[in-house]
Amino acid sequence: MHTRGGTRIWPLAAALIALAAFPQVGGSFYIDLALTTVILSIFALSLELLVGRTGLVSFGHAAFFGIAAYATALLSPPASAASLAWLMPAVLLITALAAAAIGALCLRTRGVYFIMVTLAFAQMTYFVFHDTKFAGGSDGRYLYVKPVLAIGGVTLLDLGRPRTLYYAALGCLIVVYALLALLGRSRFGHALAGIRANEQRMRAVGFSTYPYKLAAFTLAGGLAGIAGFLLAVKDGFVTPEMLAWHQSGAVLLMLILGGIGTLRGAVLGAFVFVLMKEFFQSEALFGAFARHWQLPLGLAIIACVALMPNGVVALPTQLRRIRAPIPHAG
Amino acid sequence: MPADFLLEAAGVSRRFGGLVAVDGASLALVRGEVHALIGTNGAGKSTLVNVLSGEISATGGRVRLLGRDVTHWPQPRRARAGLGRSYQRTTIFAQATVFENCRLAAQAHFQHPLDLWRLATRCPDSTELAEQAIERAALTAQAHRSAGTLSHGQKRQLEIAICLATAPQVLLLDEPLAGMGPEETERMLLLLAALKPGHAILLVEHDMDAVFRIAERITVMVDGRIIASAEPDAIRGNAQVQAAYLGETLDADESASVA
Amino acid sequence: MDIAVFLVQCLNAVQYGLLLFLVASGLTLIFGILGVINLAHGSFYMIGAYLAYALAPWAATHLGAGFFGALGIGLVLSIVFGYVLEWAFVSYLYQREHLQQVLMTYGLILVFEELRSIIVGDDVHGVAPPAWLSGSVALGGVMSYPVYRLFMSGVCIAIALALYAVLTRTRVGMAIRAGATNREMVQSLGVDIRLLYRIVFAAGVALAVLAGMIAAPVSSVYPGMGNQVLIVSFVVVVIGGIGSIRGALLASLLVGFVDTFGKVFIPQIASILVYLLMAVILLWRPEGLFRTG
């Protein structure tokens, strides 16, 4: 289990203020990028609960991201704005149910089998959306009018406006982060950490571990649904590629880049990933070769995992150890 | 009297395909007693303990805990009903403090997973039990150290403390003396002796000196079967047992038994 | 359906299953013995197919045999490649956690895909089987069946038998099986475990590459082929049990039948049938159908 040092508040606060102030100074391209990063941070945080806290390495988390996105697009009426008040809860409920169903099956396996099974089920949901007609097949589906929150005819939040959507997403990020932080200190969170450290031990002292793991899996799926919902609203468009296993790989990568086991690592990892991807895809830097951006990305992944297995968050400690090696005690 | 048996195995068998690891084993644990389980390597002791604790299922026979038939109960359920178990290979959470190791174990009896507001470490139920367990295991001074930094002997003590934190009535201890020097062994034996009054203890051990000092009853397993189960003196004089342990000295030090 | 169609589909199912077996056996060996989960395994299959396409013209002019020449060269290349890859990359994965292995081999997939894209491009290609293997043959007077598919099944069966013979009859095979369960003991017996791992990995790579090469004339050569076969191979390994060659064979055939007949009877959900099969088996027997002892 990790005994975490007290979270230093001021870097978090500073980051939050920077994020909040961003739309006031950035151009629309950068706001879009920042919004994507905020959404991916929520996605990464949801997986951190599963991988970092409970020790369940899922290679199929994109399934819930995509299911939520599709549910958003499918439930939204074609010509008018859906009400946020029912749309978002409905989407999250559907996603959580899917997570519970898939989790119930996957969690019957452990270790490497679990990784393979989550990958397989995510691929299955990909095919469900890709090969069938009900959701537009490989073409995907449009979300024509973005949802609003209105009370008594007065529009409080119109997610069709980029600034509003940005702040709504930021708000979601804060809520998810706080929820996970709270959960981490709670009895439930401690039990999950124990399961990660030694599941057999937990069973030996009296914890039925399956319900805990299923709860974590369902919650993680639901939280990923928030990210999927926001992305669908942002892009106005959903495709089966959101469920592709490359998406599942990307979010796992964000976790390891930032540092497994901390919430700020998940958020940091999302930022680093987006920046890396933008960097490698930049035609300004690489010209025509930029279309092969997956090559440097693949090499970067290998290098980062090999050299920085504890992520960016642990970098200061790693560097300190290189410069002043600590003699091994005892 | 059956009513006094806290844990009973009646004709327990366990096969793995063609291999019979445990064949018709019966034993009973009584409160206030240390019941030692000895045997050569591969005799089936670990398998029997695993069946008793619930980690693997029996392919035959019955297990009764505190009068209830728990043969089909999974391990967590048995643990909550009062069956504690320690492991031969230390299974402590190395990165948590000694206190947290015990508190988390105690939490198994006070699971309120929906209560997200309360800081886990401030829950009076689990923290109290944890403190008591740490005290009984004589680890109070180390309570806030990281478990990974403990000495080997202290880790084995912690292994027991984790068991105690669940307030069990039956303790299945798998080689708690493994890898210990003479001083640490003394300390552990004192600890076990102090635990006797409240618990029924099954002790799997290879250290014969210790076994003969502390056990009220000894059961001997060979090739999956129990060949003898009696008081230490009777076991010492048992020809079958001596044959099984060819070359091993059973007339151990007659140092005063630890009462 | 009439008997001829049924038999044809059965043969198709067997052929697909056997091909899957080639890929899955490599995967399960590498995982069972080296303890490494290798996501890039599908890439080897893709590399095999592209090798068949790229080498055939060269082999035709210089060796006089286009297809089999490419096969031979490809096999040698794959063994060398597997050997080098294990030494340079995979050996660093042994002590690492599953998550790290997964991500590093995932990075490898991206690298292979892009290298292929740079070297050979992204087009879809066909590979022609040798003339004497193309065309159909009449079977039992009831139907005709493509000769090449029979050849594929034949090759797979031969390899399965060879695998069985090597693993159970040779000293290398014994060492491999022992190394899976007790590394230290094998080392103390004087077997160089590093060399053993290298051989196993190279063999696994060769199996996947070979599968890709012989599949090329039937499935054609296209960019995404590696990923698809990888995930289905995972399903096979889950059903059959990690490390079990017999399990991989039976599970591959099972998947072959479910997939083939699924496409015939319920084409709309054909692609998800294999996963539904996995779900059913997980419900019934989570440890897989054929766990290794």
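In this text the structure is predicted, and so the values were computed from the model without any measurement.

About the thresholds
- Residues numbered from 1 in each chain as written.
- Chains lettered and ligands numbered in written order.
- Predicted model: local features only at pLDDT ≥ 70, side-chain atom pairs only at ≥ 80, totals over all residues.
- Helix = DSSP H or I, 4+ residues; strand = E, 2+ residues; numbered from the N terminus.
- Buried ≥ 20, exposed ≤ 12 C-beta atoms within 10 Å, placed from the backbone.
- Rg over C-alpha atoms; globule rule 2.2 N^0.38 Å.
- Contact = placed C-beta atoms within 7 Å.
- Pairing = 2+ DSSP bridges.
- Axes fitted to C-alpha atoms, helices over the stretch in contact; angles between N-to-C directions.
- Left-handed = near helix turned anticlockwise from the far one by under 90°.
- Nonpolar A, V, L, I, M, F, W, Y, C, P; charged D, E, K, R; others polar.
- Expected span 1.5 Å × (residues − 1).
- Domains from an automatic or database assignment.
- Bend = angle between axes of the 7 residues up to and from the residue.
- Parallel < 35°, antiparallel > 145°, perpendicular 65-115°, else oblique.
- pLDDT = per-residue confidence, 0-100.

What should I look at first to understand the overall build of chain C in this one?
Along chain C, the regular secondary structure elements total eleven helices and two strands. Listed by position from the N terminus, the elements making up chain C come as α-α-α-α-β-β-α-α-α-α-α-α-α. Evaluated residue by residue, chain C yields a buried proportion of 48% over its 293 residues.

Even after reading the chapter, I still don't get the overall build of chain B, so can you show me in this structure?
The helix and strand inventory of chain B stands at nine helices and ten strands. Taken against the 2.2 N^0.38 rule, which gives 18 Å for 259 residues, the C-alpha radius of gyration of chain B at 18 Å falls within 12% of a compact globule. C-alpha atoms of chain B, sized along the principal axes, occupy 60 × 40 × 35 Å. Taking all 259 residues of chain B together, the buried fraction comes to 44%. For chain B, restricting intrachain contacts to residue pairs at least 6 apart in sequence, the fraction spanning at least 24 positions comes to 69%.

Where do I start with the sheet that holds strand 7 (residues 170-174) of chain B in this structure?
Either a parallel or an antiparallel arrangement is found when strands of a sheet pair, and the pairing is made through backbone hydrogen bonds. All names here are of chain B. Pairing within the open sheet is mixed, and its six strands lie in the order 6-7-8-3-9-10. At either margin of the open sheet sits one strand with a lone partner, and together these are strand 6 (83-86) and strand 10 (225-230). The sheet shows a mean angle of 15° between the axes of neighbouring strands, taken without regard to direction. Inspection of the sheet shows strand 3 (residues 34-39) paired to strand 9 (residues 217-222) by five bridges, in the parallel sense. Bridged to isoleucine 38 within strand 9 is valine 220.

Would you mind going over the packing of helix 3 (residues 62-75) of chain A against helix 4 (residues 84-106) of chain A with me for this structure?
Helix-helix packing: each pair is described by the crossing angle between the helix axes and the interaxial distance. Residues and elements named next belong to chain A. Remark: helix 3 packs on helix 4, axes separated minimally by 9 Å, with the N-to-C direction vectors making an angle of 145°. When the axes of helix 3 and helix 4 are compared, the crossing they make is right-handed. Across the interface between the two elements, Ala63, Phe64, Ile67, Ala68, Ala71, Thr72 and Leu75 of helix 3 pack against Leu87, Ala90, Val91, Ile94, Thr95, Ala98, Ala99 and Ile102 of helix 4. The class makeup of the residues in the contact of helix 3 with helix 4 is 13 nonpolar, two polar and no charged.

What exactly am I supposed to notice about the interface of chain C and chain A here?
Taken residue by residue, the interface counts 34 residues in chain C and 36 residues in chain A. The set of elements that each furnish at least two residues to the side of chain C that touches chain A consists of helix 4 (98-119), helix 9 (225-240) and helix 11 (270-284) of chain C. A total of 16 residues in the side of chain C that touches chain A trace back to one element, the largest contributor, which is helix 4 of chain C. In the side of chain C that touches chain A, the residues fall into 26 nonpolar, six polar and two charged.

Mind showing me how you'd approach the interface of chain A and chain B here?
Accessible area lost during the coming together of the parts is what is often quoted as the interface size. Between chain A and chain B, the residue contacts involve 23 residues of the former and 27 residues of the latter. At the level of elements, helix 6 (162-185) and helix 7 (187-205) of chain A are the ones that each hand at least two residues to the side of chain A that touches chain B. Here the residues of the side of chain A that touches chain B are counted per class, giving nine nonpolar, ten polar and four charged.

Looking at this structure, I do not really get the sheet that holds strand 4 (residues 60-65) of chain B. What am I missing?
The four strands are arranged 2-1-4-5 (chain B) in an open sheet whose pairing can be described as antiparallel. In the strand order of this sheet, the two ends are held by strand 2 (19-30) and strand 5 (68-69) of chain B, each with one partner.

Explain the pairing of strand 1 (residues 5-16) of chain B to me, please; I cannot follow it from the model alone.
Remember that side chains alternate between the two faces of the sheet whenever the strand is regular. Residue and element names in this part refer to chain B. Both strand 1 and strand 2 contribute to a ladder of eight bridges, which runs antiparallel. Residue pairing across strands places leucine 7 opposite leucine 29, the latter belonging to strand 2. Count of turn residues in the strand 1/strand 2 antiparallel hairpin: two residues, of which glycine 17 carries a positive phi of about 65°. Pairing of strand 1 with strand 4 involves five bridges; the strand directions are antiparallel.

Got a minute to help me understand helix 3 of chain A in this structure?
An α-helix turns once per 3.6 residues; consequently, residues spaced three or four apart project the same way. Residues and elements named next belong to chain A. With 14 residues, helix 3 ought to run about 20 Å at 1.5 Å a step, and its terminal C-alpha atoms sit 20 Å apart, in line with that. Of all 14 residues in helix 3, twelve are buried, a share of seventy percent or more. By the burial criterion, the buried members of helix 3 are Ala62, Ala63, Phe64, Phe65, Gly66, Ile67, Ala68, Ala69, Tyr70, Ala71, Thr72 and Ala73.

Looking at this model, I keep getting lost on the domain arrangement of chain B. Mind explaining?
All names here are of chain B. Once the domains are mapped, chain B shows domain 1 (1-82 + 168-259) and domain 2 (94-167). The C-alpha-based centres of domain 1 and domain 2 are spaced at 26 Å. Sorting the residues of the side of domain 1 that touches domain 2 by element identifies helix 2 (75-80) and helix 6 (182-195) as the ones contributing at least two each. Taken together, the residues that form the side of domain 1 that touches domain 2 break down as seven nonpolar, one polar and three charged.

Explain the environment of B:Gln107 here, please?
Along the chain, the position of B:Gln107 falls in helix 3 (residues 98-107). The spacing of B:Gln107 and B:Arg236 is 129 residues in sequence and 43 Å in space, taken between C-alpha atoms.

Would you mind showing me how to read the arrangement of the chains here?
The structure contains two pairs of chains in contact, of which chains A and C account for the largest number of contacts. Note that chain B does not reach chain C: the shortest distance linking a C-alpha of one to a C-alpha of the other is 9 Å.

Teacher, can you tell me more about the pairing of strand 1 (residues 136-139) of chain C here?
All names here are of chain C. Where strand 1 lies against strand 2 (residues 143-146), four bridges are found, and the strand directions are antiparallel. Of the residues in strand 2, the one forming a bridge with alanine 138 is serine 144. Hairpin connection between strand 1 and strand 2: a loop of three residues separates the two successive antiparallel strands, and glycine 140 in this loop has a positive phi of roughly 55°.

Any chance you could explain helix 2 (residues 28-53) of chain A here in plain terms?
Residues and elements named next belong to chain A. Across its 26 residues, helix 2 extends 36 Å between first and last C-alpha, which sits within 8% of the 38 Å expected from 1.5 Å per residue. The largest bend along helix 2 measures about 35° and falls at leucine 47. Following helix 2 by one or two positions, glycine 55 has its phi on the positive side, about 80°.

I tried to follow the packing of helix 5 (residues 147-169) of chain C against helix 8 (residues 193-219) of chain C on my own but got confused; where do I start?
All names here are of chain C. Here helix 5 crosses helix 8 at 160°, and the two axes come no closer than 10 Å. Judged by the inter-axis angle, helix 5 sits roughly antiparallel to helix 8. Once helix 5 is placed against helix 8, the crossing between them reads as left-handed. Contacts from Tyr148, Arg149, Met152 and Val155 in helix 5 reach Ile214, Pro217 and Val218 in helix 8.

Quick question: what am I supposed to make of the environment of C:Ile159 here?
By the secondary structure assignment, C:Ile159 is in helix 5. Spatially, the C-alpha atoms of C:Ile159 and C:Leu207 are 8.8 Å apart, while their sequence positions differ by 48 residues.

When you look at unusual backbone geometry in this model, what are you seeing that I'm missing?
Trans is the common state for peptide bonds, and a negative phi is the common state for residues other than glycine. All names here are of chain B. Unlike most non-glycine residues, leucine 66 shows phi in positive territory, near 50°. Note on placement: leucine 66 falls in the loop between strand 4 and strand 5. With 15 C-beta atoms packed within 10 Å, leucine 66 lands in the partly exposed category.

Looking at this structure, I do not really get the environment of B:Ala137. What am I missing?
Residue and element names in this part refer to chain B. Checked against the element boundaries, alanine 137 lands in the loop between helix 4 (124-136) and helix 5 (152-164). Residue classification places alanine 137 among the buried residues on the basis of 26 C-beta atoms within 10 Å. When the C-alpha atoms of alanine 137 and alanine 194 are compared, they prove to be 9.6 Å apart, with 57 residues separating the residues in sequence. Those residues in contact with alanine 137 that sit more than four places away from it in its chain are Gln157, Leu158, Ile160, Ala161, Leu164 and Leu191.

What am I meant to see in the confidence of the model for chain B here?
Detailed conclusions should not be drawn from predicted coordinates in areas where pLDDT is low. Residues and elements named next belong to chain B. Looking at chain B as a whole, the pLDDT averages 86, with 93% of positions reaching at least 70. The least confident element of chain B, judged by mean pLDDT, is helix 9 (residues 239-244) at 80; the most confident is helix 2 at 95. Note on residues 249-259: pLDDT is under 50 here. Beyond four places in sequence and across chains, it has 17 contacts.

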